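Summary of the model geometry
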Amino acid sequence: MRPGWDEYFLEIAKVVAGRSTCIRRRVGAVIVRDRRILATGYNGAPAGLRHCLETGCLREQRKVPPGERHELCRGLHAEQNALIQAAVYGTAIKGAVYYITHQPCVLCAKLMINAGIKKVVFRGDYPDQLALEMLKEAGVETVRYKAESRGTGHAEKNYLPSEIE
């Protein structure tokens, strides 16, 4: 079966995540407008710096739980890297859609809101309810995509994790 657009771009985000150098979680992001890819990003250290694969994970060493103390990390988030790539190459992303392998954190949600992103589609969970609350408050459509089988996935729109369970 032919995949729908959400599934198509989420699969591309999954491939992008394969470039991640994060030890804890591989995340990929794709920014799309009018069904055209504008930028991609994966989580990892800034360009030219050693990756966590080489240095070890500071968050693991300090036993920092997921969703907390984002500043204790060498890496940038996939969503941040995609936005930076768009900026570096002069690509406007206002009104675009983010496709992400995992739910965004609150830091990335705030960046998306100010960048004028209209919709966020994600597949995997992340323990940050404030991110979803802020996206909803800003009027950014949030979609948790759940694939049942190829081409028959469905989306649950504008729900917080506590409302879906």
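Here the structure is a predicted model, which means the values were calculated and not measured. (Residues numbered from 1 in each chain as written. Predicted model: local features only at pLDDT ≥ 70, side-chain atom pairs only at ≥ 80, totals over all residues. Heavy atoms only, no water.)

Looking at the packing of aromatic side chains
Under the definition given, this model contains four aromatic pairs. For the ring pair W5 and Y8, a centre distance of 5.7 Å and an interplane angle of 85° mean the geometry is edge-to-face. Here W5 and its partner Y8 are both found in helix α1 (residues 5-17), three residues apart, which amounts to about one turn of the helix. Measuring from ring centre to ring centre gives 5.8 Å for W5 and F9, while their planes differ by 20°; the resulting arrangement is stacked. In this pair, W5 and F9 are both assigned in helix α1, four residues apart and thus about one turn of the helix distant. For W5, a relative accessible area of 37% translates into the label partly exposed. These aromatic residues form a ring-pair network of at least three members: W5, Y8, F9 and Y99. (Phe/Tyr/Trp six-rings, centres within 6.5 Å; stacked < 30°, edge-to-face > 60°. Helix = DSSP H or I, 4+ residues; strand = E, 2+ residues; numbered from the N terminus. Buried < 20%, exposed > 50% of the residue type's maximum accessible area, 1.4 Å probe, protein only.)

Comments concerning the pattern of salt bridges
Counted by the stated rule, this structure contains four salt bridges. Among the ionic pairs, R144 bridges to D125, the shortest N-O distance being 3.1 Å. Note that R144 is positioned in strand β5 (residues 141-146) and D125 in the loop between β4 (119-124) and α6 (129-137), a separation of 19 residues in sequence. Relative accessible area serves as the criterion here: at 46%, D125 is assigned to the partly exposed category. (Salt bridge = Lys/Arg side-chain N within 4 Å of Asp/Glu carboxyl O.)

So, the packing of helix α4 (residues 78-88) against helix α5 (residues 106-115)
Helix packing for two helices is described by the angle between their axes and how far apart those axes are. Packing of α4 against α5 leaves a shortest axis separation of 9 Å and a crossing angle of 30°. Classified by the angle their axes make, α4 and α5 are roughly parallel. Judged by the twist between their axes, the crossing of α4 over α5 is left-handed. On α5, the residues touching E79, Q80 and L83 of α4 are L107, C108, L111, M112 and A115. (Axes fitted to C-alpha atoms, helices over the stretch in contact; angles between N-to-C directions. Parallel < 35°, antiparallel > 145°, perpendicular 65-115°, else oblique. Left-handed = near helix turned anticlockwise from the far one by under 90°. Contact = heavy atoms within 4.5 Å.)

Concerning the side chain of S20
Summarising the element assignment, S20 is placed in the loop between α1 and β1 (28-33). Of note is the side chain of S20, whose polar atom sits 3.1 Å from the backbone nitrogen of C22. (Polar contact = N/O pair within 3.5 Å; in protein donor to acceptor, adjacent residues only side chain to side chain.)

Observations regarding the environment of V140
Relative to the helices and strands, V140 resides in the loop between α6 and β5. By relative accessible area, which is 3% here, V140 ends up buried. Along the primary structure V140 and G95 are separated by 45 residues, whereas in three dimensions their C-alpha atoms are 9.9 Å apart.

Here's the deal with α4
Within α4, burial applies to A78, E79, Q80, N81, A82 and A86. Packed against the buried residues of α4 are β1, β2 (36-42), β3 (97-102) and α5. Immediately downstream of α4, the backbone of G90 shows phi near 70°, a positive value.

Topic: the environment of G18
Of note, G18 is situated in the loop between α1 and β1. Exposure remark for G18: the relative accessible area of 42% places this residue in the partly exposed category. Separated by ten residues in the primary sequence, G18 and G28 place their C-alpha atoms 7.6 Å from one another.

Details of unusual backbone geometry
Backbone geometry at D34 places phi at a positive 55°, although glycine is not the residue there. Here D34 lies in the loop between β1 and β2.

So yeah, pure geometry; function would need other evidence.
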